[in-house]
Amino acid sequence: MKKTVRRAVVAGGAAAVFTGVAAVPAGAAEGGVAFSRVTMNGGKPIVVGVKEEVMVPGTFRMTTKLKYDYGPTAFPYRGKPGYGDELWNAIEGSDCKVVNKAKGICDFEQRLYIDPRHLDFGNEDAGAWKTAARVHLAGDAYDIDDENLPLWVQRATRLTVNASPEPVTKGRTITVTGKITRANWDTHTYQGYAGRSVSLQFKAAGSASYKTVKKATSGKSGALKTTVKATVPGTWRWTYHGNTTSGAKSSSGDHVAVR
């Protein structure tokens, strides 16, 4: 978020408590700590809606013989790690899972939370981020590593579908309509997403998968409309494949019987 919005980082799954907006860290970065095997959200984009807080799972390994006060954590950032923007409201972390006690090697799991309703969260936060890891050492110092792990944060999309008439005579025309909307993090509403190429997909009765039949471009309000010929009974849906700032999404299916 534009300013680092933080709650206390806690171990063992305890509840996090809001502590306010943090400024540039006071301690100087120290050596003696190495992070590795960092994963966040399983490598998938983080898709955020307009109301619900999103939980992002993560794992990492830390190697150090230094004493630390709290943490460690991995988190999305922009700019310079430790001094730029960070994207999280709360982090819950596990205790050390010892891999090699003599060498100070521990594995950690964590849950990072992003709240789209926070004052500092807005549409400009969609797009590319990177991942850093940090631990706070004894004496108000800390060690931070730039893991340079790319991470995408995307605005959620929604789609609706309606195929008619239902039922339809074989060979006649089916009109498929719908709408694509996208989360607006500034207004906390979903708004029409214009100019998007959206796939019309069909799953024949008895089939296990959808196939793309044709594509349509959404209008000014996100409206979708196209026509197809009725051949066999099955289910129609719209699918948007996403972009760097907007998540992929499929509508529910609308079944049409063909006589």
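Described in the following lines is the structure provided in the data block. This structure is a prediction, so every number in the text was calculated from the model and none was measured. Along each chain, the written sequence defines residue order, and numbers are assigned to residues from 1. Per-residue local features of the predicted model are confined to residues with pLDDT of at least 70, and side-chain atom pairs are confined, for both listing and counting, to 80 or more; whole-chain, interface and lining totals are unaffected and use all residues. Where side-chain values are given, they derive from all heavy atoms of the structure, hydrogens and water being excluded.

**Comments concerning the state of the cysteines**
Consideration 1: Two cysteine sulfurs form a disulfide in these notes if their separation is within 2.5 Å. If you walk through the whole model with that rule in mind, you get one disulfide.
Consideration 2: What pairs with Cys-96 in a disulfide is Cys-106, and their sulfur atoms sit 1.9 Å apart. Measuring handedness by torsion sign, the sulfur bridge of Cys-96 and Cys-106 sits at about -75° and is left-handed. Within this pair, whereas Cys-96 is found in the loop between β9 (90-93) and β10 (97-100), its partner Cys-106 is found in strand β11 (residues 105-114), the two being separated by 10 residues in sequence.
Consideration 3: Each residue is assigned to one of three classes by its accessible area relative to the maximum for its type, calculated with a 1.4 Å probe on protein chains only: buried under 20%, partly exposed between the two thresholds, exposed over 50%. The exposure class assigned to Cys-106 is buried, which follows from its relative accessible area of 11%. In this text, helices come from DSSP runs of H or I with a minimum length of four residues, and strands from runs of E with a minimum of two, each type numbered from the N-terminal end.

**Quick notes on the environment of Val-161**
Consideration 1: Position of Val-161 relative to the elements: it lies in strand β15 (residues 157-164).
Consideration 2: By relative accessible area, Val-161 is classed as buried at 17%.
Consideration 3: Taking the C-alpha atoms as reference points, Val-161 and Ser-252, 91 residues apart in sequence, are found 7.1 Å from one another.
Consideration 4: Pairs of residues are marked as contacts when any of their non-hydrogen atoms sit within 4.5 Å. When residues no more than four places from it in sequence are discounted, the contact partners of Val-161 are Val-176, Thr-177, Gly-178, Trp-236, Arg-237, Trp-238, Ser-251, Ser-252, Gly-253 and Asp-254.

**Describing the packing of aromatic side chains**
Consideration 1: Note on aromatic pairs: the rings of Phe, Tyr and Trp (six-membered ring only in Trp) are paired at centre separations within 6.5 Å, and the planes decide the class, stacked below 30 degrees, edge-to-face beyond 60, tilted for the rest. Tallied over the entire structure, the rule returns five aromatic pairs.
Consideration 2: Summarising the aromatic geometry, the rings of Phe-60 and Phe-108 are spaced 5.4 Å apart at their centres and angled 20° between planes, so their arrangement reads as stacked. Of this pair, Phe-60 sits in strand β6 (residues 54-63) while Phe-108 sits in strand β11, and the two are 48 residues apart along the sequence.
Consideration 3: What makes Phe-60 buried here is its relative accessible area of 3%.
Consideration 4: Ring centres of Phe-202 and Trp-236 lie 4.3 Å apart, and the angle between their planes is 40°; on these two criteria the pair is classed as tilted. With Phe-202 in strand β18 (residues 197-204) and Trp-236 in strand β21 (residues 234-240), this pair connects stretches of sequence that are 34 residues apart.

**Some words on unusual backbone geometry**
Consideration 1: Cis geometry marks the peptide bond from Gly-71 to Pro-72; its omega dihedral reads 0°.
Consideration 2: Positionally, Pro-72 belongs in strand β7 (residues 68-78).
Consideration 3: Residue Pro-165 is bonded to the preceding Ser-164 through a cis peptide linkage, with omega at 0°.
Consideration 4: For Arg-37, which is not glycine, the phi dihedral falls at a positive 55°.
Consideration 5: Along the chain, Arg-37 falls in strand β4 (residues 34-40).

**Notes on the pattern of salt bridges**
Consideration 1: Within this document, salt bridges are pairs made up of a side-chain nitrogen of Lys or Arg and a carboxyl oxygen of Asp or Glu, the two lying within 4 Å of each other. Using the criterion set out here, one finds five salt bridges in the structure.
Consideration 2: Note that Asp-107 is salt-bridged to Arg-61, the shortest N-O span being 2.7 Å. Linking Asp-107 in strand β11 with Arg-61 in strand β6, this pair joins segments that are 46 residues apart in sequence.
Consideration 3: Taking relative accessible area as the criterion, Asp-107 reaches 24% and is therefore assigned partly exposed.
Consideration 4: Its salt-bridge partner being Arg-111, residue Glu-92 comes within 3.1 Å of it at the nearest N-O pair. Of this pair, Glu-92 sits in strand β9 while Arg-111 sits in strand β11, placing them 19 residues apart in sequence.

**Describing the pairing of β6**
Consideration 1: A strand pair is defined by DSSP finding two or more bridges across the two strands. Pairing of β4 with β6, which is carried by five bridges, proceeds in the antiparallel orientation. Each bridged residue has a counterpart across the sheet, and for Ala-34 the counterpart in β6 is Thr-63.
Consideration 2: Pairing of β6 with β11, which is carried by 10 bridges, proceeds in the antiparallel orientation. In the strand pairing of β11, Pro-57 is matched with Arg-111.

**Some thoughts on the pairing of β21**
Consideration 1: Counting buried positions along β21 gives six out of seven residues, so the element sits mostly inside the fold.
Consideration 2: Here three bridges tie β21 to strand β23 (residues 254-256), and the two strands are oriented antiparallel to one another. Each residue of the ladder has a partner; that of Thr-235, found in β23, is His-255.
Consideration 3: Taken together, the two bridges between β21 and strand β22 (residues 249-250) define a ladder with antiparallel strand orientation. What sits directly across from Tyr-240, in β22, is Lys-249.

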